[in-house]
Protein chains: 2
Amino acid sequence: MVDVVKQLAGIPLFAGLSKSQYEALARIALRRSCRKGELIFSEGDAGTGFFVVLTGRVKIFKVSADGKEQILHLFGPGESFGEVSVFTGQGFPADAVTAVQSALLFFPRQAFGALIQQNPALALNMIAQLSRRLMQFAGLIEDLSLKEVPGRLAKYLLFLSETSAAGVMTLDVSKGQLASLLGTIPETLSRILAKMNRQELIRSRGAQIRILDRRGLEEIALEGKKL
Amino acid sequence: MVDVVKQLAGIPLFAGLSKSQYEALARIALRRSCRKGELIFSEGDAGTGFFVVLTGRVKIFKVSADGKEQILHLFGPGESFGEVSVFTGQGFPADAVTAVQSALLFFPRQAFGALIQQNPALALNMIAQLSRRLMQFAGLIEDLSLKEVPGRLAKYLLFLSETSAAGVMTLDVSKGQLASLLGTIPETLSRILAKMNRQELIRSRGAQIRILDRRGLEEIALEGKKL
DNA sequence: ACATCTCTTTGACTTATGTCAAAGCACTTT
DNA sequence: AAAGTGCTTTGACATAAGTCAAAGAGATGT
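What you see is a predicted model; the values in this text were computed from it and never measured.

Asker: Give me helix 4 (residues 109–118) of chain B: which residues, what numbers.
Answerer: Buried within helix 4 of chain B we find Phe-112, Gly-113, Leu-115 and Ile-116 of chain B. With its buried residues spanning 165 degrees around the axis, helix 4 of chain B presents them on a single face. Exposed residues on helix 4 of chain B whose side chains face more than 90 degrees from its buried face are Gln-110 and Gln-118 of chain B. Buried-residue contacts for helix 4 of chain B involve helix 5 (120–146) of chain A together with helix 2 (19–28), strand 3 (49–55), helix 3 (83–88), strand 8 (102–108) and helix 5 (120–146) of chain B.

Asker: Give me the lowdown on unusual backbone geometry, citing residues and values where you can.
Answerer: Residue and element names in this part refer to chain A. Although it is not a glycine, Glu-200 sits at a positive phi angle of roughly 60 degrees. For Glu-200, the position within the fold is in the loop between helix 8 (186–198) and strand 10 (202–205). Since its relative accessible area comes to 48%, Glu-200 is described here as partly exposed.

Asker: So, the interface of chain A and chain B: which residues are in play, and what are the values?
Answerer: At the junction of the two partners, chain A supplies 41 residues and chain B supplies 41 residues. Buried area between chain A and chain B, summed over both chains or domains, comes out near 3500 Å², and the portion from carbon and sulfur atoms is 80%. For the chain A face of the interface with chain B, the top three residues by lost area are Leu-134, Met-135 and Ile-141 of chain A, together amounting to 19%. The tally of links between chain A and chain B comes to two salt bridges.

Asker: Can you tell me about the protein's contact with DNA strand D, naming the residues and giving the values?
Answerer: Neighbouring DNA strand D are 18 residues; Val-149, Thr-184 and Thr-188 of chain A together with Lys-175 and Gly-176 of chain B lie closest to it. With respect to DNA strand D, the side chain of Ser-190 of chain B contributes an N or O atom lying 3.0 Å from a sugar or linking oxygen. Residue Arg-191 of chain B places a side-chain N or O atom 3.0 Å away from a base nitrogen belonging to DNA strand D. Of the residues forming the surface near DNA strand D, the biggest block, four residues, is contributed by helix 8 (residues 186–198) of chain B.

Asker: How would you sum up the domain arrangement of chain A? Please name residues and give values.
Answerer: Residue and element names in this part refer to chain A. Assigned domains within chain A: domain 1 (2–144) and domain 2 (147–222). Between domain 1 and domain 2, the C-alpha centre-to-centre distance is 28 Å. Each partner contributes residues to the interface: domain 1 has 12 residues there, and domain 2 has 12 residues. Across the domain 1/domain 2 interface, buried area totals approximately 1000 Å², and carbon plus sulfur atoms make up 42% of it. Our count for the domain 1 to domain 2 interface comes out at three salt bridges. Across the salt bridge formed by Lys-155 and Asp-143, the nearest N and O atoms sit 2.8 Å from each other. Taken together, the connections running from domain 1 to domain 2 amount to 11 residue pairs in polar contact (both at pLDDT 80 or more).

Asker: Please give an account of the pattern of salt bridges that cites residues and values.
Answerer: Residues and elements named next belong to chain B. The full count for this structure, using the stated rule, is 32 salt bridges over all chains. Salt-bridge contacts for Arg-215 lead to Glu-218; the nearest nitrogen and oxygen are separated by 3.5 Å. With Arg-215 and Glu-218 both in helix 9 (residues 214–222) and three residues apart, this pair spans about one turn of that helix. Linking Lys-225 and Glu-219 is a salt bridge whose minimum nitrogen-to-oxygen distance equals 3.2 Å.

Asker: Give me the lowdown on the protein's contact with DNA strand C, citing residues and values where you can.
Answerer: The immediate surroundings of DNA strand C are formed by 18 residues, with Lys-175 and Gly-176 of chain A together with Val-149, Thr-184 and Thr-188 of chain B found nearest. Thr-184 of chain B places a polar side-chain atom, nitrogen or oxygen, 2.5 Å from a phosphate oxygen of DNA strand C. Per element, the largest residue contribution to the surface near DNA strand C is four residues, and it comes from helix 8 of chain A. Per-class residue counts for the surface near DNA strand C are four nonpolar, six polar and eight charged.

Asker: Just give me the short version of the relation of the copies chain A and chain B, but keep the residues and values in it.
Answerer: Of the two same-sequence chains, chain A is brought onto chain B (RMSD 0.1 Å, axial shift 0.0 Å) by a rotation of 180 degrees. Each copy turns onto its partner about a two-fold axis. Here 100% of the interface residues in chain A have copies in chain B that are interface residues too; the copies meet face to matching face.

Asker: Before we move on, could you go through helix 8 of chain A and cite the residues and values that matter?
Answerer: Residue and element names in this part refer to chain A. Taking 1.5 Å of rise per residue, 13 residues should cover 18 Å, and helix 8 covers 18 Å from first to last C-alpha, within 8% of that figure. For helix 8, the full list of buried residues reads Leu-189, Ile-192, Leu-193, Met-196 and Asn-197. What you see down the axis of helix 8 is that its buried residues fit within an arc of 145 degrees, all on one side. Away from the buried face of helix 8 by more than 90 degrees, exposed residues Arg-191 and Arg-198 are located. Against helix 6 (149–163), helix 7 (175–181), strand 10, strand 11 (208–211) and helix 9 (214–222) lie the buried residues of helix 8.

Asker: Got a sec to walk through the sheet that holds strand 6 (residues 80–81) of chain A? Specific residues and values, please.
Answerer: All names here are of chain A. Spatially, the four strands line up as an open sheet ordered 1-8-3-6, and their pairing is antiparallel. At either margin of the open sheet sits one strand with a lone partner, and together these are strand 1 (30–34) and strand 6. Of the pairings in the sheet, the one linking strand 3 (residues 49–55) to strand 8 (residues 102–108) comprises six bridges and is antiparallel in character. From the neighbouring strand, Phe-50 faces strand 8, where its bridge partner is Phe-107. Where helix 4 (residues 109–118) meets the sheet, its contacts fall on strand 3 and strand 8, and the angle it forms with strand 8 comes to roughly 70 degrees.

Asker: Please set out the packing of helix 6 (residues 149–163) of chain B against helix 9 of chain B residue by residue, giving values where relevant.
Answerer: All names here are of chain B. Helix 9 packs onto helix 6 with a crossing angle of 130 degrees between their chain directions and a minimal axis gap of 7 Å. By the angle between their directions, the pair helix 6 and helix 9 is classed as oblique. Seen along the crossing, helix 6 lies across helix 9 with a hand that is left-handed. In contact with Pro-150, Gly-151, Ala-154, Lys-155, Leu-158 and Ser-161 of helix 6, helix 9 contributes Arg-214, Leu-217, Glu-218, Ile-220 and Ala-221. Class assignment for the residues of the contact of helix 6 with helix 9 results in six nonpolar, two polar and three charged.

Asker: Residues and numbers for the pairing of strand 3 of chain B, please.
Answerer: Residues and elements named next belong to chain B. Of all seven residues that make up strand 3, six are buried, and the element is covered over most of its length. Both strand 3 and strand 6 (residues 80–81) contribute to a ladder of two bridges, which runs antiparallel. The partner of Val-52 across the bridge, within strand 6, is Ser-80.

Here is what the cut-offs are and how they apply
Residues numbered from 1 in each chain as written. Chains lettered and ligands numbered in written order. Predicted model: local features only at pLDDT ≥ 70, side-chain atom pairs only at ≥ 80, totals over all residues. Heavy atoms only, no water. Buried < 20%, exposed > 50% of the residue type's maximum accessible area, 1.4 Å probe, protein only. Helix = DSSP H or I, 4+ residues; strand = E, 2+ residues; numbered from the N terminus. Arc of directions from axis to C-beta. Contact = heavy atoms within 4.5 Å. Buried area = accessible area lost by both parts, 1.4 Å probe. Salt bridge = Lys/Arg side-chain N within 4 Å of Asp/Glu carboxyl O. Near = heavy atom within 4 Å. Polar contact = N/O pair within 3.5 Å; in protein donor to acceptor, adjacent residues only side chain to side chain. Domains from an automatic or database assignment. Nonpolar A, V, L, I, M, F, W, Y, C, P; charged D, E, K, R; others polar. Least-squares fit on C-alpha atoms with pLDDT ≥ 70 in both. Expected span 1.5 Å × (residues − 1). Pairing = 2+ DSSP bridges. Axes fitted to C-alpha atoms, helices over the stretch in contact; angles between N-to-C directions. Parallel < 35°, antiparallel > 145°, perpendicular 65-115°, else oblique. Left-handed = near helix turned anticlockwise from the far one by under 90°.

As structure tokens, this is what we get:
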């Protein structure tokens, strides 16, 4: 219990809460360990609560009738997921599986509902959280509808380069998963990477990628320039 | 002022609040009238507050570098928009224009922030609101990424038929706007409608559409069957 | 080192959807 | 009614991206 309190402190959703509020949260939280590839919930399952990632990584995704998948989110330590169906009362809107061995906290719906009603700060954190996610979704919708795959990839690479040290960066997901994140398939992604290499925009070998022509990538990502 | 209170009562975001809470909201709300096509905010504008539609209709959309638009939402009476940037502090994520002559209420950020901190019920309403919208976005992402245009159209028609009286239904947006809502262009939409007519799935003339083969549409919408 | 997987790349091909241009319709304005 | 304006439809065409199949590369375990 005590160590759960400690872990809660690093979670943005719970930022700035009082000690007693942490304890109240810790009291209702349930720990769960999942090995890689474990199904946490399926689309349509009744939302009996939501989760926080302590360690590992969880993939939230939709699957089409013929098996293609679109990743909606990849959540890492400190991030929460499944809140939405706690509040809409509808089933989960997508599937969730662990991408790697992971440790989760589960917050049951009823108990958490009671808590949030008495903690305005928690409610406001939740609002901020949902707002950020909505913004992110708006961006994904824009990308899927208005950009071509090279544009989405360029945007992703530029974004990744901000977070990573100078020079070389390393993809933190497999290329197949990256394809799904960008709303395409591995073959298409592979071809586009090859083309970007040929045009000296990037230099990639395996998961290592170095940006050679930042401006060129920006033109593709933002101005819709063709590859 | 008094009549503003009356109008607030019909707004889901404010459902179930007390009389004094309505009055507090009415005190900070500003009225605004917009004629058709008026720009309410642009992507990137600082979010100084959010809006509620009293009458009319507002279109929230993204535009690509080369002018194609993707509608994110069409909001009608009682619905609110622009909340997200109130809580993230970032600029508006998309553009908003009135689709027809409309009357809006504007809630300034600061004042509303103060209110929501003291009204747990209001905060919970906001959470429910954002959650619903997130779910809706997840559906749009799924459609854009995993369904083809005929599937999206079939889904839209089936959805519309639920809300409308038996038999014939009338499109409540122009076909150009419908195309933008479905993530495509008018030409493509037109061709697909023509094809659905030829295959006796629907019978459409102008904005009037009658569903002839519901099961057939469902196969296209849900099972990805080809047109 | 070898065999076995899984992931990635490449090639040839198909197809859905976008582009461009023109014609058709419907509505308003005069 | 005529003329203008903005939607919608249709046709011919271009192309981005998916499908299918096979080969290559990298890991992992025995």
